[in-house]
Amino acid sequence: MTINRSRPVNLTYRHTAQSDAETLVGIRIAAMRESLERVGRFDPQRARDRFLKAFDPSLCRFIEVDGVTAGFILVRPEEDHWRLDHLYILPEHQGKGLGAAVLLDVFNDADAHHMPVRLSALRGSDANRFYQRHGFTQTDEAEWDIHYVRQPLGR
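Residues numbered from 1 in each chain as written. Predicted model: local features only at pLDDT ≥ 70, side-chain atom pairs only at ≥ 80, totals over all residues. Heavy atoms only, no water.

(A) Layout of the pattern of salt bridges. Counted under the stated rule, the structure contains seven salt bridges. Two residues, Asp49 and Arg48, come together in a salt bridge whose shortest N-O distance is 4.0 Å. A residue is classified by how much of its surface remains accessible, and Arg48, at 27% relative accessible area, is partly exposed. By sharing partners, the salt bridges in this structure join Glu22, Arg48 and Asp49 into a single network. (Salt bridge = Lys/Arg side-chain N within 4 Å of Asp/Glu carboxyl O. Buried < 20%, exposed > 50% of the residue type's maximum accessible area, 1.4 Å probe, protein only.)

(B) Examining helix α1 (residues 21–38) more closely. Taking 1.5 Å as the rise per residue, α1 with 18 residues should run 26 Å; its terminal C-alpha atoms sit 26 Å apart, in good agreement. Its maximal kink placed at Met32, α1 deviates by approximately 50°. Three or more residues of α1 are buried, namely Ala21, Leu24, Val25, Ile27, Arg28, Ile29, Ala31, Met32, Ser35 and Leu36. Buried positions along α1 lie against α2 (44–54), β2 (60–65), β3 (68–77), β4 (82–89) and β5 (117–122). Count one or two residues on from α1 and you reach Gly40, which has phi positive near 70°. (Helix = DSSP H or I, 4+ residues; strand = E, 2+ residues; numbered from the N terminus. Expected span 1.5 Å × (residues − 1). Bend = angle between axes of the 7 residues up to and from the residue. Contact = heavy atoms within 4.5 Å.)

(C) Here's a closer look at the packing of aromatic side chains. With the rule as written, the count across this model stands at six aromatic pairs. With a centroid separation of 5.5 Å and an interplanar angle of 70°, the aromatic rings of Phe51 and Phe72 are classed as edge-to-face. Placement of the pair is Phe51 in helix α2 and Phe72 in strand β3, with a sequence separation of 21 residues. A relative accessible area of 0% means that Phe72 is categorised as buried. Centroid distance Phe72 to Tyr88: 5.4 Å. Interplanar angle 55°. Geometry classified as tilted. Within this pair, whereas Phe72 is found in strand β3, its partner Tyr88 is found in strand β4, the two being separated by 16 residues in sequence. Among the residues examined, Tyr88 registers a relative accessible area of 12% and is labelled buried. Taken together, the aromatic side chains of Phe51, Phe55, Phe72 and Tyr88 make up a single cluster linked through ring pairs. The ring of Phe107 has Arg150 sitting right over it, with the charged end atom 4.0 Å from the ring centre. (Phe/Tyr/Trp six-rings, centres within 6.5 Å; stacked < 30°, edge-to-face > 60°. Lys NZ or Arg CZ within 6 Å of the ring centre and 35° of its normal.)

Below, the structure written as structure tokens:
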């Protein structure tokens, strides 16, 4: 596992509200568009509906760098694990170590609580390699998604 431990100096998280839902949908669509088009599943309405169906603003945070919104994250606590439901970085902010820095923050918190982190990634998406590079192991797969877990350190 290779984790870049350098952190963007001005990385911050800002709470979201129900009124941010459409902005978050736009970020999700922008971040996923290329992967969804590659597998022939790009449908902005479906992406919007899927996000809004389970959106919980109390669990969601904007990711900001130097005061500029670069994406968002939503981690959903479950009884025996944390589910990383959403981690989206806008295309113009990708490839700069921001996603790795955000994951490191999630890992530090999950490890402190002795919680595994689970997620699903779209089959054929570059996100699969990203998550594997950062210590996630595949647990299952479905028609459109691959499922992963990252165990807490020290277990």
